[in-house]
Amino acid sequence: MAPALALYRTSVGKKVVMALTGLILVGFVVAHMLGNLKVFTGGEHLNEYAEFLRTVGAPALPYGMALWIARIVLLVSVVLHIVAATQLTLQDRAGRPQRYAYHKKQAATYASLTMRWGGVIILLFVIYHILHFTTGTAHQNYIHGDVYHNVVSGFQVWYVSVIYIIAMVALGAHLYHGVWSMFQTLGLNNQTWNGVLRGIAVLTALAVVIGNIALPVAVLAGFLT
Amino acid sequence: MNVTLHVWRQKNATSPGKMVKYEAKNISPDTSFLEMLDSVNQELIARDEDPIAFDHDCREGICGTCSLMINGLAHGPERATTTCQLHMRSFKDGDTIYIEPWRASAFPVLKDLVVDRGAFDRIIASGGYISVSTGSAPEANSVPVPKDASDLAMDAAACIACGACVAACPNASAMLFTAAKVSQLALLPQGQPERQRRVLDMVRQMDSEGFGHCTNIGECSTACPKEISMDFIAMLNREHLKATLSKK
Amino acid sequence: MASDTQTRPTSTDVGTRRSLDLQRTLDAKIPAGPLQDKWDTHRFKMKLVNPANKRKYTVLVVGSGLGGAAAAATMAELGYRVKCFCYQDSPRRAHSIAAQGGINAAKNYRNDGDSIFRLFYDTVKGGDFRAREANVYRLAQVSVNIIDQCVAQGVPFAREYGGLLDNRSFGGAQVSRTFYARGQTGQQLLLGAYQALQRQIGLGNVEMDTRTEMLDLVLVDGKAKGIITRDMVTGKIEAHAGDAVVLATGGYGNVFYLSTNAKGSNTTAIWRAHRKGAFFGNPCYTQIHPTCIPVSGEHQSKLTLMSESLRNDGRVWVPKRQGDTRPPHEIPESERDYYLERKYPSFGNLAPRDISSRSAKEVCDAGRGVGPGGLGVYLDFADAIKRLGVEKIRERYGNLFDMYQRITAENPYEVPMRIYPAVHYTMGGLWVDYNLMSTIPGLFVIGEANFSDHGANRLGASALMQGLADGYFILPLTIGDYLAQVKAGDFNLEGGEFRQTQAEVNQRTERLLGIKGKRSVDSFHRELGRVMWDECGMARNDQGLRRALARIPELRAEFWENVRVTGESNNINGELEKAGRVADFLELGELMCLDALHRVESCGGHFREESQTEEGEALRDDDRFAYVAAWEFKGLGEKPVLHREPLSFENVQLAQRSYK
């Protein structure tokens with residue numbers, strides 16, 4: 001515990017916390033995206049998969065336990081990620097109290113400059129997403145347990161689909177810089193590997209965006225009913 | 001050529017400052033940027049006004065004294081060029097040029113365009129050295145250093161501590177500066193005994209000076225007149241992680 | 001002609017001078033015994049300060065370049081209390097940082113016949129036999145320790161694939177003894193010393209005052225006991241006391257206004273010490289470096305040097321015909337004059353700095369110069385590119401070519417470079433004895449600020465060697481011998497001497513601000529520089545020097561009546577800083593001309609047109625001038641008094657240098 005606390009005390013260490021929690025969240029997002037793709041193999045498959053997530057680990061684990069463990073890990077990761085990001089952002093703001101009258105960027109990408117607001121958008125989206133598909137609170141036609149129905153009927157509302165697509169683009173941008181930044185923070189970057197690591201970041205971001213956007217697009221296009 | 005300048009004027013560390021407009025007239029394109037400011041200053045002196053204070057010394061791109069945000073870019077528009085080696089031929093007749101000091105709470109403005117970069121010295125004092133008192137060194141060739149390690153160390157050691165990395169960073173982070181010294185010494189066999197202590201102490205000092213953190217955006221490397229690579233920041237991160245985890 | 005001037009005293013000296021001067025010889029305190037043993041013997045004979053007592057001694061070090069930073073760090077390691085001062089915003093910015101080429105050391109790693117004696121011999125010969133043998137030999141001896149020390153500090157010297165240190169031949173040396181770190185050797189060596197200094201600052205052993213300029217020296221009972229400084233941010237004039245004072249403030253090349261020195265480099269510290277009684281040694285010895293980028297116009301604020309390693313592959317030429325303004329590629333081979341190759345067939349383009357510089361001036365004076373104002377010669381890489389390929393040239397000189405292109409907007413891969421000599425280094429400086437102590441007890445002077453090791457001309461890659469030798473290995477020991485003989489802490493900041501000197505400095509500052517004249521400081525500096533360059537530059541003659549000696553006092557008088565210094569004393573004020581420095585340059589310039597006038601011989605960087613061979617080469621006069629000229633200040637407007645330190649050469653044969 002002592003090294004972890006020592007690490008967290010420095011800006012470099014906080015960044016490591018963001019990288020490691022980011023890694024967990026990226027893993028989740030990718031897995032989630034792969035799970036989503038089951039929608040294209042038919043409603044029964046998707047519902048079975050949803051049920052599997054609750055029964056995984058049985059009989060050693062009681063019903064839904066694995067899912068809750070995963071949710072707790074994710075929740076802790078999200079909280080740490082956000083707390084560290086907030087602390088670091090405040091440090092940065094204090095680092096330059098007086099702004100430039102005129103400031104140009106040369107190397108920064110759109111993605112790298114929008115990590116903070118992108119993060120906020122993703123957080124708001126996640127809350128909406130849970131209310132929409134997990135609790136059904138924000139869903140007009142929610143049937144508990146029928147994931148396929150909820151997905152298709154949810155996305156049939158066009159502006160809901162638009163919200164999801166926008167959120168996925170924001171997530172993609174966040175991943176594009178975040179994954180590469182994670183490698184840099186963990187000290188993996190060097191001249192030999194930079195190309196490969198950049199490639200992994202791009203592929204991850206593209207896969208998540210395309211994989212996830214495929215759902216609302218397919219629903220709106222009438223492929224899924 | 002003629003250019004219009006908007007220059008940050010601030011009487012001293014405690015006074016508020018503002019942008020003031022000046023005209024620089026009949027400037028030869030072969031004039032360096034600082035010589036252009038010299039000529040503006042000569043006119044100010046002729047009018048009995050206080051000339052613009054700016055830091056400069058060697059005027060050949062190596063001492064790291066000169067600074068200036070020029071049209072929003074640290075050391076101006078040319079890559080791998082310090083302000084003192086920037087020439088007016090990089091601008092067009094009639095251009096408007098904004099000149100501001102480095103902005104960071106760790107680099108307080110002392111007057112006009114002059115800032116205090118003492119934070120960098122304190123970072124080095126916290127561990128950016130190899131402890132070898134004069135006279136105690138072994139014969140120079142007794143420790144071979146692989147050429148690639150030595151060349152890479154030299155890449156890092158090229159830093160001139162001008163502060164452009166901090167100035168260009170949206171977070172005012174000093175990671176590139178700190179990383180360059182940590183990396184140089186970590187790459188050499190001579191630097192091994194103090195390797196872990198050095199990175200921990202230097203990062204702690206860097207944080208305590210009030211710099212921002214690194215969001216891996218890369219403005220620092222692009223602005224760096226010596227083109228120090230961001231890979232050294234990855235190296236610092238690695239060194240720091242290893243040192244923290246293995247610390248007793 | 002030479003005999004004429006011998007009997008005719010100069011206008012600035014009285015007729016009885018020669019007979020008086022003969023008694024005014026200086027004791028350099030050179031240890032007895034064979035050359036090889038002098039330093040060893042001396043180290044044994046010097047008194048030591050008890051380790052427990054070292055904490056009680058305070059040493060003030062002014063300047064933080066190679067010499068100052070190395071000395072401050074080393075003395076702190078030894079246990080002394082050290083206060084270090086620099087005018088820059090960080091000790092890492094001293095102008096040592098700009099040295100490109102390398103550092104010599106007699107390691108003989110190449111097995112090419114190098115030795116301590118050979119480095120010693122080359123340095124004495126290169127200095128045209130006007131340096132002190134014992135100092136130079138010691139310098140060559142400790143050169144090997146410098147490399148060990150710097151490598152241990154993490155200086156990333158160039159290496160071979162086997163991991164061992166690389167060497168190159170530099171500045172026409174016949175052996176490869178130069179260690180280098182790309183084109184940034186000075187930077188890397190300075191950062192090594194700087195880091196050692198920062199370590200001691202971090203440990204609390206050195207108190208560092210940056211942006212602080214020394215404005216005067218304080219003497220108590222004839223001994224150096226303190227300095228007066230100005231805080232360049234708040235303007236506060238402060239007194240600092242110590243048991244000894246070390247000046248490591250670099251050279252005074254900026255007396256010429258245009259030089260390769262940093263803009264802030266100045267003479268104030270050593271000049272103020274000179275006024276307080278420290279003799280000034282060989283002030284006229286100036287090195288003019290042949291490979292600098294020519295002046296581009298009136299706006300020029302400083303000159304940029306390019307490493308003379310360029311002369312390894314570049315060929316120097318000018319058109320044969322006067323006023324030939326054709327672009328270089330239109331001038332056929334038969335109409336080009338490769339004058340260095342023609343005049344010095346065996347050394348060719350690698351002839352020593354003073355010879356190359358003077359030859360460039362000669363051809364330009366003859367109206368064959370190229371570029372704006374005809375003040376330039378070509379340095380052409382076309383043949384080298386043909387022979388080695390553009391890639392090889394890029395590999396060797398890419399950085400320098402880029403820099404040249406940045407400054408001139410010309411591409412040296414396609415168009416020959418234009419170069420012209422520029423003031424680069426001053427071999428003269430405060431006179432010091434073998435212990436590096438000036439004629440003021442307790443005032444030590446190291447590095448370029450002293451006169452000691454380079455004679456009348458410095459060889460390439462020797463400045464870094466001297467700065468570090470003085471700073472790491474010599475001064476920290478010799479100062480102990482002095483300190484062991486004085487009582488620690490024997491000074492009183494509230495004493496009359498401190499108060500009085502502080503008041504004088506304050507008055508001078510207020511006086512400068514109060515003149516409120518019409519001409520800017522820079523305009524005076526430019527004019528002084530012009531006079532110095534024309535009359536006391538690459539070639540000097542009796543008439544010209546007399547003209548300068550008439551003009552400089554006039555200019556100085558005008559300065560004190562008509563200079564305009566804007567701003568206030570209690571704030572950052574660049575004009576005030578410059579004004580103080582230019583005021584001192586206006587006094588120093590006169591002494592330089594006086595020294596140049598009195599030395600009616602040519603040696604190294606000092607070329608008297610009256611003293612040359614039939615072929616136009618420098619002609620020494622060893623019978624009359626084999627001595628160090630050390631000048632004593634007698635008051636402004638008064639004639640300074642010349643003291644001589646005779647130079648005896650027991651280990652080298654005096655010979656006319658020949659690079660044919």
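Residues numbered from 1 in each chain as written. Chains lettered and ligands numbered in written order. Predicted model: local features only at pLDDT ≥ 70, side-chain atom pairs only at ≥ 80, totals over all residues. Heavy atoms only, no water.

Colleague: Is there a simple way to explain the overall build of chain C in this structure?
Modeller: Check the secondary structure of chain C and you find 18 helices and 21 strands. The C-alpha atoms of chain C give 24 Å as radius of gyration, which agrees with the globular expectation for 660 residues (26 Å, within 12%). Principal-axis analysis of the C-alpha atoms places the extent of chain C at approximately 75 × 60 × 50 Å. The proportion of buried residues among the 660 residues of chain C is 66%. Within chain C, contacts between residues separated by at least 24 positions form 74% of all contacts whose residues are at least 6 apart in sequence. Surface exposure of chain C reaches about 22400 Å², of which carbon and sulfur atoms provide 48%. Each charge class in chain C was averaged separately, 84 positive and 81 negative side chains, and the resulting centres sit 2 Å apart. (Helix = DSSP H or I, 4+ residues; strand = E, 2+ residues; numbered from the N terminus. Rg over C-alpha atoms; globule rule 2.2 N^0.38 Å. Buried < 20%, exposed > 50% of the residue type's maximum accessible area, 1.4 Å probe, protein only. Contact = heavy atoms within 4.5 Å. Areas by Shrake-Rupley, 256 points an atom, 1.4 Å probe, with all protein chains shown as cover. Lys, Arg positive; Asp, Glu negative; His and termini not counted. Charge placed at Lys NZ, Arg CZ, Asp CG, Glu CD.)

Colleague: Mind showing me how you'd approach unusual backbone geometry here?
Modeller: Among all residues save glycine, negative phi is the norm, and among peptide bonds the norm is trans. With an omega of 5°, the peptide bond between alanine 58 of chain A and proline 59 of chain A qualifies as cis. Its identity is not glycine, yet arginine 59 of chain B carries a phi of approximately 55°, on the positive side. Turning to its location among the elements, arginine 59 of chain B is positioned in the loop between α1 (33-46) and β3 (69-70).

Colleague: Looking at this structure, how should I read the confidence of the model for chain C?
Modeller: Close reading of the predicted structure is inappropriate where its pLDDT is low. All names here are of chain C. Chain-level pLDDT for chain C is 94 on average; 97% of the residues reach the 70-or-more range. In this model residues 1-22 is a low-confidence stretch, pLDDT under 50, and it forms 25 contacts with partners more than four residues away in sequence or in other chains. Across the whole predicted complex the pTM is 0.96, and at the interface the ipTM reaches 0.98. (pLDDT = per-residue confidence, 0-100.)

Colleague: For this particular structure, what's the right way to read the domain arrangement of chain C?
Modeller: Note: interface size is frequently given as the accessible area lost on complex formation between the parts. Residue and element names in this part refer to chain C. Each assigned domain of chain C is listed here: domain 1 (35-96 + 113-285 + 427-483), domain 2 (290-422) and domain 3 (495-622). Domain 2 and domain 3 are separated by 31 Å when their C-alpha centres are compared. Contacts between domain 2 and domain 3 engage 10 residues on the former and 9 residues on the latter. When domain 2 packs against domain 3, the two sides together hide about 820 Å² of surface, and 54% of this comes from carbon and sulfur. Linking domain 2 with domain 3 are 0 salt bridges, by the criterion used here. Inspection of the region where domain 2 meets domain 3 yields 2 residue pairs in polar contact (both at pLDDT 80 or more). Within the residue set of the side of domain 2 that touches domain 3, elements represented by two or more residues are α10 (353-365) and β15 (417-426). Here the element with the most residues in the side of domain 2 that touches domain 3 is α10; it accounts for 4 residues. A breakdown of the residues in the side of domain 2 that touches domain 3 according to their chemical character gives 3 nonpolar, 3 polar and 4 charged. (Domains from an automatic or database assignment. Buried area = accessible area lost by both parts, 1.4 Å probe. Salt bridge = Lys/Arg side-chain N within 4 Å of Asp/Glu carboxyl O. Polar contact = N/O pair within 3.5 Å; in protein donor to acceptor, adjacent residues only side chain to side chain. Nonpolar A, V, L, I, M, F, W, Y, C, P; charged D, E, K, R; others polar.)

Colleague: Honestly, the packing of aromatic side chains in this entry has me stumped. Any pointers?
Modeller: Working definition: an aromatic ring pair is given by the centre-to-centre distance plus the angle between the planes. One pass over the full model with this rule turns up 36 aromatic pairs over all chains. Three or more aromatic residues link up through ring pairs in this structure, and these residues are Phe125, Tyr128, Phe133, Phe155 and Tyr164 of chain A. In this structure, arginine 168 of chain C packs its charged tip against the face of tyrosine 180 of chain C, placed 3.9 Å from the ring centre. In this structure, arginine 581 of chain C packs its charged tip against the face of tyrosine 87 of chain C, placed 5.1 Å from the ring centre. (Phe/Tyr/Trp six-rings, centres within 6.5 Å; stacked < 30°, edge-to-face > 60°. Lys NZ or Arg CZ within 6 Å of the ring centre and 35° of its normal.)

Colleague: Please clarify how the pattern of salt bridges should be interpreted in this entry.
Modeller: Where charged atoms of side chains with opposite charge meet at close range, the side chains can pair. Residues and elements named next belong to chain C. Across all of its chains, the model carries 75 salt bridges over all chains by this definition. Put simply, arginine 547 and glutamate 535 hold a salt bridge, and the shortest N to O gap is 2.9 Å. A residue pair is termed long-range when its members are at least 10 positions apart, and arginine 547 in helix α16 (residues 542-562) and glutamate 535 in helix α15 (residues 521-536) qualify at 12 residues. Overall, glutamate 535 belongs to the buried group, its relative accessible area being 15%. Between aspartate 621 and arginine 624 there is a salt bridge, with the nearest N and O atoms lying 3.2 Å from each other. The burial state of aspartate 621 is the same as that of arginine 624; both residues are buried.

Colleague: Mind showing me how you'd approach the pairing of strand β12 (residues 315-319) of chain C here?
Modeller: A regular strand places its side chains so that they alternate between the two faces of the sheet. Residues and elements named next belong to chain C. Among the 5 residues that make up β12, 4 are buried, leaving the element largely enclosed by the rest of the structure. Sheet topology places β12 next to strand β14 (residues 377-380); 3 bridges connect them, and they run antiparallel. Residue pairing for β14: valine 316 is matched across the bridge by leucine 379. One ladder, built from 2 bridges, connects β12 with strand β13 (residues 336-337); its direction is antiparallel. For proline 319, the partnering residue across the bridge sits in β13 and is arginine 336. (Pairing = 2+ DSSP bridges.)

Colleague: Quick question: what am I supposed to make of the nonpolar core here?
Modeller: Soluble globular proteins tend to pack their nonpolar side chains together in the buried interior. Of all hydrophobic cores here, the largest spans 280 residues; its most connected members are Leu247 and Leu443 of chain C. In terms of residue count, helix α17 (residues 574-598) of chain C provides more of this core than any other element does, 13 residues in total. Excluding residues within four positions of it along the chain, leucine 443 of chain C makes contact with Leu217, Ala224, Val245, Leu247, Ala273, Ala278, Leu430, Leu436, Met437 and Ser438 of chain C. The next biggest cluster of nonpolar side chains, apart from the first, holds 25 residues, and it includes Val7, Ala24, Leu68 and Leu113 of chain B. (Core = buried A, V, L, I, M, F, W, Y, C linked by side-chain atoms within 4.5 Å.)

Colleague: Teacher, can you tell me more about the interface of chain B and chain A here?
Modeller: Every contact between the two is made by 47 residues of chain B and, on the other side, 43 residues of chain A. In total, chain B and chain A occlude about 3700 Å² of area from one another, counting both sides; carbon and sulfur atoms represent 54% of this. Put simply, chain B and chain A have 0 salt bridges between them. Across the contact surface, chain B and chain A share 29 residue pairs in polar contact (both at pLDDT 80 or more). Of all elements in the fold, only β5 (96-100), α4 (164-168), α6 (195-208), α7 (219-223) and α8 (231-246) of chain B reach the threshold of two or more residues within the side of chain B that touches chain A. A per-element tally of the side of chain B that touches chain A places α8 of chain B first, with 10 residues. Among the residues making up the side of chain B that touches chain A, the classes are represented as 26 nonpolar, 14 polar and 7 charged.

Colleague: Got a minute to help me understand the sheet that holds strand β5 (residues 206-209) of chain C in this structure?
Modeller: Adjacent strands of a sheet pair through backbone hydrogen bonds, lying either parallel or antiparallel. All names here are of chain C. Within the open sheet, the 5 strands sit side by side as β5-β2-β1-β9-β17. Their pairing is parallel. Edge positions in the sheet fall to β5 and β17 (443-445), since each has one partner strand and no second. Pairs of neighbouring strands in the sheet enclose a mean axial angle of 20°, with direction left out of account. For strand β9 (residues 244-247) and β17, the ladder comprises 3 bridges, and the chain directions are parallel. Considered in β17, the bridge of leucine 247 is made with valine 445. (Axes fitted to C-alpha atoms, helices over the stretch in contact; angles between N-to-C directions.)

Colleague: Just to check I follow, could you spell out the domain arrangement of chain B for this structure?
Modeller: All names here are of chain B. Annotation of chain B at the domain level lists domain 1 (3-111) and domain 2 (118-246). Computed from C-alpha atoms alone, the centre-to-centre distance between domain 1 and domain 2 is 29 Å. Contacts between domain 1 and domain 2 engage 18 residues on the former and 20 residues on the latter. Carbon and sulfur atoms supply 64% of the area that domain 1 and domain 2 bury against each other, a total of about 1300 Å² over both sides. Interface area lost by domain 1 to domain 2 is led by Ala80, Ala106 and Phe107, which between them contribute 33%. Here domain 1 and domain 2 share 0 salt bridges between them.

Colleague: Can you walk me through the interface of chain C and chain B in this structure?
Modeller: With 73 residues of chain C at the contact, the number on the chain B side is 76 residues. Both sides of the chain C and chain B interface together cover about 5900 Å² of buried area, and 49% of this is carbon and sulfur. Linking chain C with chain B are 6 salt bridges, by the criterion used here. Of the charged contacts in the structure, one is a salt bridge between arginine 211 of chain C and aspartate 55 of chain B, with a shortest N-O distance of 2.9 Å. Taken together, the connections running from chain C to chain B amount to 49 residue pairs in polar contact (both at pLDDT 80 or more). Counting only elements with at least two residues in the side of chain C that touches chain B, the list comes to α4 (66-78), α6 (133-153), α7 (185-202), α12 (390-408) and α13 (463-483) of chain C. Among the elements that take part in the side of chain C that touches chain B, α7 of chain C stands out by supplying 8 residues, more than any other. By residue class, the composition of the side of chain C that touches chain B is 25 nonpolar, 30 polar and 18 charged.

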